Amino acid sequence: GVQTCALPILIEQLEAKQRHYKRKIENMGTGLALFKISATDSQYGYAKYHFMFNNGRKPPLDIAIDIQDTSIEYISWFVQDEKLSFWEDEISVLCHENCISFFDFGFSEEQYYINIEDDFELLKKEDDLWVLRKKEFSRLNGYKLGELTYLLVDNENDFAGIWWKNITLEEYHELKLADAI
């Protein structure tokens, strides 16, 4: 089913399983680039739940959740026939080192994904990239996914986007090859 509500998440310390993440931007052809953040200990073929943010024009922003401990397995998002926008607005992000876990949304063997209608934009500010929901934010909380990447939530713990700090030359080059810059 399709939902139009936001995605609240439960923030908690996951002491038992401290996950490590890697990030990648990959040119998939003219006008198409893949952003992916994935757990380094990810197991191929292992069952996952999915939150899919759809706008009806391109593949969804997909947050895959580990069924066992509800931690993030990966996040993927496509830039398709769109250009990077430069962002001048001020925003405050309170960064946290702790891991996050997701509420139980009633996933089951029959219901392993939830579709949410929403739209995101790709923004650049200084050396950082932001994949943000198209709404106004003044203050966000950032939860670390890897060395320089944060999952962003607003003050109500609704998913707001992803912050890619200090984009590398290789990542920037991949966006340029995809004609997203």
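This is a predicted model, so every value here is computed, not measured.

## Regarding the layout of surface pockets
- Its volume calculated, the second largest pocket comes out at about 150 Å³.
- In this structure, the second largest pocket is lined by Trp87, Asp89, Glu90, Glu121, Leu123, Leu132, Arg133, Lys135, Glu136 and Phe137.
- Within the residue set of the lining of the second largest pocket, elements represented by two or more residues are strand 12 (120-125) and strand 13 (128-133).
- Taken together, the residues of the lining of the second largest pocket sort by class into four nonpolar, no polar and six charged.

## Some points on the nonpolar core
- Phe35, Leu61, Ile63, Ile72 and Leu129 are the most contacted members of the largest nonpolar core, which totals 36 residues.
- The contact partners of Phe35, leaving out residues within four places of it in the chain, are Lys24, Ile25, Ile75, Ser76, Trp77, Val79, Leu122, Leu129, Trp164 and Leu175.
- By size, the runner-up hydrophobic cluster in this structure holds 12 residues, among which are Trp87, Leu123, Leu132 and Phe137.

## With respect to the sheet that holds strand 13
- An order of 8-12-13-16-15-14-9 is seen for the seven strands of this open sheet, with the pairing classed as mixed. The two strands at the open ends of the sheet, each matched to only one other strand, are strand 8 (85-86) and strand 9 (92-96).
- Pairing between strand 15 (residues 149-153) and strand 16 (residues 159-164): five bridges, direction antiparallel. Bridge pairing in strand 16 links Leu152 to Gly161.

## Things to note about unusual backbone geometry
- Phi is positive for Glu126, close to 55°, though the residue is something other than glycine.
- Position of Glu126 relative to the elements: it lies in the loop between strand 12 and strand 13.

## Things to note about the packing of aromatic side chains
- Going through the model one piece at a time under the given rule, you end up with nine aromatic pairs.
- Their ring planes at 35° and their centres at 5.2 Å tell us that Phe53 and Phe159 sit as a pair that is tilted. With Phe53 in strand 5 (residues 48-54) and Phe159 in strand 16, this pair connects stretches of sequence that are 106 residues apart. For the residue pair Phe53 and Phe159, the accessibility class agrees, reading buried in each case.

## Things to note about the pairing of strand 7 (residues 72-80)
- Summarising burial for strand 7: eight of the nine residues are buried, a large majority.
- Here seven bridges tie strand 4 (residues 32-39) to strand 7, and the two strands are oriented antiparallel to one another. Bridge assignment links Ile37 to a residue of strand 7, and that residue is Ile75.
- Here four bridges tie strand 6 (residues 61-66) to strand 7, and the two strands are oriented antiparallel to one another. Bridge assignment links Ile63 to a residue of strand 7, and that residue is Ile75.
- Linking two consecutive strands that pair antiparallel, namely strand 6 and strand 7, is a turn of five residues; a positive phi of about 60° is found at Thr70 within it.

Parameters and conventions
Residues numbered from 1 in each chain as written. Predicted model: local features only at pLDDT ≥ 70, side-chain atom pairs only at ≥ 80, totals over all residues. Heavy atoms only, no water. 1 Å grid on protein atoms, 1.4 Å probe; cavity = no way out; pocket = protein on both sides within 12 Å on 5 of 7 lines; lining within 4 Å. Points joined across faces, edges and corners; volume = space filled by probe spheres on them. Helix = DSSP H or I, 4+ residues; strand = E, 2+ residues; numbered from the N terminus. Nonpolar A, V, L, I, M, F, W, Y, C, P; charged D, E, K, R; others polar. Core = buried A, V, L, I, M, F, W, Y, C linked by side-chain atoms within 4.5 Å. Buried < 20%, exposed > 50% of the residue type's maximum accessible area, 1.4 Å probe, protein only. Contact = heavy atoms within 4.5 Å. Pairing = 2+ DSSP bridges. Phe/Tyr/Trp six-rings, centres within 6.5 Å; stacked < 30°, edge-to-face > 60°.

Any link to function would need more than the numbers given here.
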